Amino acid sequence: MTKKCLGCGAILQDNNELLEGYVNDLSNDYCRRCFKMKNYGEYEVVLKSNEEYIDILKKVGKTRSLILYVVDLLSVPSDLEKIREYLPNNNIIVILNKKDALPLSVKDEKIVDYFNNMYKSFVKFIVISASKNYNLDRLMKLIKEYRTNQSVYVVGNTNAGKSTLINAIINNYSIENSDITISPMPSTTLNTIKMKIKDFYLIDTPGLVDYGNILNKVTKDRIKRISVKKEIKPKTYQIKSGQALIIDDIIRIDYLEGEKNSFTVFMSNDLKIKRINGKRHDYLKDLSRKDLSLRYHEDIVINGLGFIKTTLEGKVAVYIDKDVDVFVRKSLI
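Okay, so let's go over this structure.

Parameters at a glance
- Residues numbered from 1 in each chain as written.
- Predicted model: local features only at pLDDT ≥ 70, side-chain atom pairs only at ≥ 80, totals over all residues.
- Heavy atoms only, no water.
- Phe/Tyr/Trp six-rings, centres within 6.5 Å; stacked < 30°, edge-to-face > 60°.
- Helix = DSSP H or I, 4+ residues; strand = E, 2+ residues; numbered from the N terminus.
- Lys NZ or Arg CZ within 6 Å of the ring centre and 35° of its normal.
- Pairing = 2+ DSSP bridges.
- Axes fitted to C-alpha atoms, helices over the stretch in contact; angles between N-to-C directions.
- Parallel < 35°, antiparallel > 145°, perpendicular 65-115°, else oblique.
- Contact = heavy atoms within 4.5 Å.
- Nonpolar A, V, L, I, M, F, W, Y, C, P; charged D, E, K, R; others polar.
- Expected span 1.5 Å × (residues − 1).
- Buried < 20%, exposed > 50% of the residue type's maximum accessible area, 1.4 Å probe, protein only.

## Topic: the packing of aromatic side chains
Now for step 1: If you walk through the whole model with that rule in mind, you get eight aromatic pairs.
Now for step 2: Both rings, one in Phe 266 and one in Phe 307, keep their centres 4.8 Å apart while their planes meet at 15°; by these two values the pair is stacked. On the criterion of sequence distance, the pair formed by Phe 266 in strand 10 (residues 261-266) and Phe 307 in strand 14 (residues 306-310) is long-range, its members being 41 residues apart.
Now for step 3: Among the aromatic residues, those joined into a cluster by ring pairs are Tyr 69, Tyr 114, Phe 115, Tyr 119, Phe 122 and Phe 125.
Now for step 4: Between the NZ or CZ atom of Lys 274 and the centre of the ring of Tyr 283, over which it lies, the distance is 5.7 Å.
Now for step 5: The positively charged end of Arg 329 is found above the aromatic ring belonging to Phe 307, 4.9 Å away from the centroid.

Right, here's the structure in full:
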């Protein structure tokens, strides 16, 4: 009989320590990888292709079960509705997670209205904070309202907070006491994990690896600094044409053209930001350059890092790792 790791869902095995699910003793409940993460904060990389994850999602799509699509409010994908390619017929509730990271002045209603106006293929949007148990009672009511059978699947990109949400639901609404593994590193959950919650089963799925996310491109130490741990204190800079912002030695944003503009940074408080004369300093210009045009009240979004709210039209050049997604959108806040 096969046994799955309670942390990541991998099938436990004691044959090859280089493969997922390895344990010294098959009586253990957690694989060695999850045990190290839970007890020592050590992370072991396990490579798994998105094709395998997508196959799992397509199977979920055939069930027509309710889907909880967890999205990090600081890293909302530019193609939010792409998930419909794999789940075309399921009811999907989009869970806008990590509300505790945004300033308290930002109201839930404004965020929900923003997404309702942009996306029409989802049955509901809800703002939560899984780490603070915020709005969980309301989420449970929505699950009851839109559930079509006994299975409710949790999907989303890596690091969106799926595991944190599931653990919060388990701790508040289930008699089960096991936790799934939580880590700031990508690819924590490796297979589906099924848990009984009241009168339905909550099923965690592996997170889709977002290859354009900066968390896949930086060191472990920098991941800890990038990851938002408490309410963001936005920093606003008045930027003139010819000036640039340097953010923690990983990104440079040059303001090429436009009237004096307001740049408000919504990112981890641990990141160091400085304004420089862009014409006098070539720092970080060896990175890949991406030119963007800004319209009134748009955000510059750096996938996995956060976003910068601007107010006026203009043009910018963003210097960053070539594989990190950078795009503009209508201002979220």
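## A closer look at the sheet that holds strand 12 (residues 288-294)
Now for step 1: With respect to topology, five strands assemble into an open sheet ordered 11-8-9-15-12, the strand pairing being antiparallel. Strand pairing shows two members of the sheet lacking a second neighbour, strand 11 (273-277) and strand 12, which therefore form its edges. In this sheet, neighbouring strand axes are inclined to one another by 20° on average, regardless of whether the strands run parallel or antiparallel.

## Focus: the packing of helix 4 (residues 136-146) against helix 5 (residues 162-173)
Now for step 1: At a closest axis distance of 11 Å, the pairing of helix 4 and helix 5 adopts a crossing angle of 90°. Here helix 5 runs roughly perpendicular to helix 4, going by the angle between their axes. When helix 4 is examined against helix 5, the residues Leu 136, Asp 137, Leu 139 and Met 140 are found in contact with a partner set consisting of Leu 165, Ala 168, Ile 169, Asn 172 and Tyr 173.
Now for step 2: Considering only residue class, the contact of helix 4 with helix 5 consists of seven nonpolar, one polar and one charged.

## Let's talk about helix 5
Since the α-helix turns once every 3.6 residues, residues separated by three or four places project in the same direction.
Now for step 1: Taking 1.5 Å of rise per residue, the twelve residues of helix 5 would be expected to cover 16 Å, and the 16 Å separating its terminal C-alpha atoms lies within 8% of that figure.
Now for step 2: For helix 5, the tally of buried residues reaches nine of twelve residues, placing the bulk of the element in the interior.
Now for step 3: Those residues of helix 5 that fall on the buried side of the exposure criterion are Lys 162, Ser 163, Leu 165, Ile 166, Asn 167, Ala 168, Ile 169, Ile 170 and Tyr 173.
Now for step 4: Along its buried surface, helix 5 packs onto strand 1 (66-72), strand 2 (92-97), helix 4, strand 4 (151-156), strand 5 (193-197) and strand 6 (200-204).

## Notes on the pairing of strand 10
Now for step 1: Most of strand 10 is tucked away, with six of its six residues classed as buried.
Now for step 2: Of the two faces of strand 10, both are covered, the one formed by Asn 261, Phe 263 and Val 265 as well as the one formed by Ser 262, Thr 264 and Phe 266.
Now for step 3: Of the strand pairs in this sheet, strand 7 (residues 235-239) and strand 10 are connected by five bridges, and their pairing is antiparallel. Paired with Ile 239 across the two strands is Asn 261, which belongs to strand 10.

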